[in-house]
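Overview (structure and organization)
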Amino acid sequence: MFTEPEKSSKSAHDELLTKNKRYTQTLKTIIQELFHGPTFAFKDVALQMLGNFFEYFLSTGSNSGRLAVLGATSGDTGSAAIYGLRGKKGVDCIILFPKGRVSEIQERQMTTVQDGNIHCVAVEGTFDDCQDIVKASFGNVEFRDRVKLGAVNSINWCRVLAQTTYYFWSYLRVTDIEKDVEKVNFSVPTGNFGDILAGYYSKRMGLPVGDLIVATNENDILHRFFTKGEYHREDIQKTISPSMDICVSSNFERYLYHLAGDDSQTLANWMSAFESTGKLTITGKKLDEARAEFKSARADTAATLEVVKKYHAEHNYMLCPHSAVGVSAIHQLNTANSATVALATAHFAKFGDAVAMAVDPLPEIPPELSSLWTMDTRKSDCPNDAAVVQAFMERRIEDRMKSEKAGDKKKKQVRQIVGLSIAVGLVAVAVSMLKKRR
């Protein structure tokens, strides 16, 4: 979705930003907490803003005032998108998630939202399958234009743009405290490369960033690339950090464009080879260039749980499995110091079963999460088939629009009845007053 400059005023811009002060960022030694939004995950930072952007620009007439958002989630994006878009006028939100491959709390955060414009779909397959359906839907021009398709994954540039803010924020906080620190390192748990890509662009914009550390779990295609130059697709392993269970990182293509010297033809050749063989191998100066920009580390389940256990025992601090992967990386690379920030991406309670393997009993969880178990849920099941999902989308959008029109008609009738009642009342009062005068 695009908008003309005249449809975006400074006052509207300021209002859109101030509407998102529902999260806070807390720097605790080397850990920056990014999970103080409504869904307790870092993705709230961008998606609360994005929801307001969508609603505002649709109200100006952009995109004919209508948008059908299709998103894929490995866990946190879905609930953050839903909470950012629920009840937004002109927006339908359809979220695909891999059936049985997100935590129970993550699924409940999505499926307990009952707003009419929210549709949750459990897909038989993996996150990559869900993401492929989204990509195929955008590639279907007729379908895309017919439903006014929009994106909420980090394929949407606004997501990455919003995420740059906390890199700048944390750099300023660190250098406020540590006067001798000139560059700040960041360790980022990542599967889809979106969060750390925001750090890369922050560095390109001039932020004094030292090392950008790519922290992966067993699904380590990114770690293998930055250590051996091998971006080779492998089967997804199910882990205790499910939001990182991704074997092809969709945002990585954006970085590869820059590694290719901003040459779109070279990138196209690379990606064509990767799509046909499942392998992309970079060597020589290009690999050296990539290693100069990024360091990487891999933490398997045992290493992740060890970090969770250690930080709770020694610091009385709870890490979620994803955040623990990032913390493990800085210890592996000997960069756990006052110049390195590890991004904490989610509240531990979202992954209670996983962290309970290291800490027992668990600290009390927020009531916003514990209450999910008593709430009704609503979701649909679909096979791993883009055509079936697209047909489902169109039916749900049509049903919602019919319901909305019926509701508008009923409201109009109620207003007419109320108006008529008021008119009758006024006439009665007038007649009564005339009788008294006589």
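Criteria and thresholds
Residues numbered from 1 in each chain as written. Predicted model: local features only at pLDDT ≥ 70, side-chain atom pairs only at ≥ 80, totals over all residues. Heavy atoms only, no water. Salt bridge = Lys/Arg side-chain N within 4 Å of Asp/Glu carboxyl O. Helix = DSSP H or I, 4+ residues; strand = E, 2+ residues; numbered from the N terminus. Buried < 20%, exposed > 50% of the residue type's maximum accessible area, 1.4 Å probe, protein only. Axes fitted to C-alpha atoms, helices over the stretch in contact; angles between N-to-C directions. Parallel < 35°, antiparallel > 145°, perpendicular 65-115°, else oblique. Left-handed = near helix turned anticlockwise from the far one by under 90°. Contact = heavy atoms within 4.5 Å. Right-handed = clockwise from strand over helix to strand, strands pointing away. Pairing = 2+ DSSP bridges. Polar contact = N/O pair within 3.5 Å; in protein donor to acceptor, adjacent residues only side chain to side chain. Phe/Tyr/Trp six-rings, centres within 6.5 Å; stacked < 30°, edge-to-face > 60°. Lys NZ or Arg CZ within 6 Å of the ring centre and 35° of its normal.

Looking at the pattern of salt bridges
With the rule as written, the count across this model stands at 20 salt bridges. Across the pair Asp176 and Arg173 runs a salt bridge, and its minimum N-O distance is 3.1 Å. With Asp176 and Arg173 both in helix H7 (residues 157-177) and 3 residues apart, the pair spans about one turn of that helix. For Asp176, a relative accessible area of 42% gives the class partly exposed. Across the pair Arg396 and Asp399 runs a salt bridge, and its minimum N-O distance is 3.8 Å.

Details of the packing of helix H10 (residues 252-259) against helix H12 (residues 284-293)
Working note: a packed helix pair is described by the angle between its axes plus the distance between those axes. Two elements in contact, H10 and H12, have axes whose closest approach is 11 Å; the angle formed by their N-to-C orientations is 120 degrees. Considering their axes alone, H10 and H12 lie oblique with respect to each other. Our pair here, H10 against H12, has a crossing hand that is right-handed. Here Tyr255, His258 and Leu259 of H10 lie close against H12, whose contacting residues are Lys286, Glu289, Ala290 and Glu293.

Digging into the pairing of strand E7 (residues 184-189)
Of all the 6 residues making up E7, 6 are buried; the element is thus mostly covered by neighbouring parts of the structure. Because side chains alternate across E7, one face comprises the buried residues Val184, Phe186 and Val188, and the other comprises Asn185, Ser187 and Pro189, equally buried. For the handedness criterion, the β-α-β arrangement of E7, helix H8 (residues 194-204) and strand E8 (residues 209-216) is classed as right-handed. Both E7 and strand E12 (residues 340-344) contribute to a ladder of 3 bridges, which runs parallel. Bridge pairing in E12 links Ser187 to Ala342.

Points about the side chain of Arg400
With respect to the secondary-structure elements, Arg400 resides in helix H17 (residues 386-437). On the basis of relative accessibility, which here comes to 11%, the residue Arg400 falls in the buried class. Engagement of the side chain of Arg400 in a polar contact is seen with the side chain of Asp92, the distance being 2.3 Å. Not counting the four nearest positions on each side in its chain, Arg400 is found in contact with Asp92, Gly116 and Asn117.

Focus on the packing of aromatic side chains
If you walk through the whole model with that rule in mind, you get 22 aromatic pairs. With a centroid separation of 5.2 Å and 90 degrees between ring planes, the pair formed by Tyr200 and Tyr255 is classed as edge-to-face. Remark: Tyr255 occurs in helix H10 and Tyr200 occurs in helix H8; sequence separation between them is 55 residues. Taken together, the ring pairs in this structure connect Trp157, Phe193, Tyr200, Tyr201, Phe225, Phe226, Tyr231, Phe252, Tyr255, Phe274 and Phe294 into an aromatic cluster. For the cation-ring pair, Arg86 lies above Tyr83, with the distance from its terminal atom to the ring centre recorded as 5.3 Å.

Considerations on the sheet that holds strand E6 (residues 149-151)
Strand-to-strand pairing in sheets goes through backbone hydrogen bonds, with the strands running parallel or antiparallel. Read from one edge to the other, the open sheet built from 5 strands follows the order E6-E3-E4-E5-E13, with strand pairing classed as parallel. Looking at strand neighbours, the two that pair on one side only are E6 and strand E13 (380-382), the edges of this open sheet. With strand direction ignored, the average angle separating the axes of adjacent strands in the sheet is 30 degrees. Here strand E3 (residues 67-72) pairs with E6 via 3 bridges, running parallel. Looking at the pairing, Val69 lines up with Gly150 of E6. Packing against the sheet, helix H3 (residues 76-85) makes contact with E3, strand E4 (91-98) and strand E5 (118-123), and its axis sits at approximately 165 degrees to E4. Contacts from helix H5 (residues 127-139) reach E3, E4, E5 and E6, with the element oriented near 150 degrees to E3.

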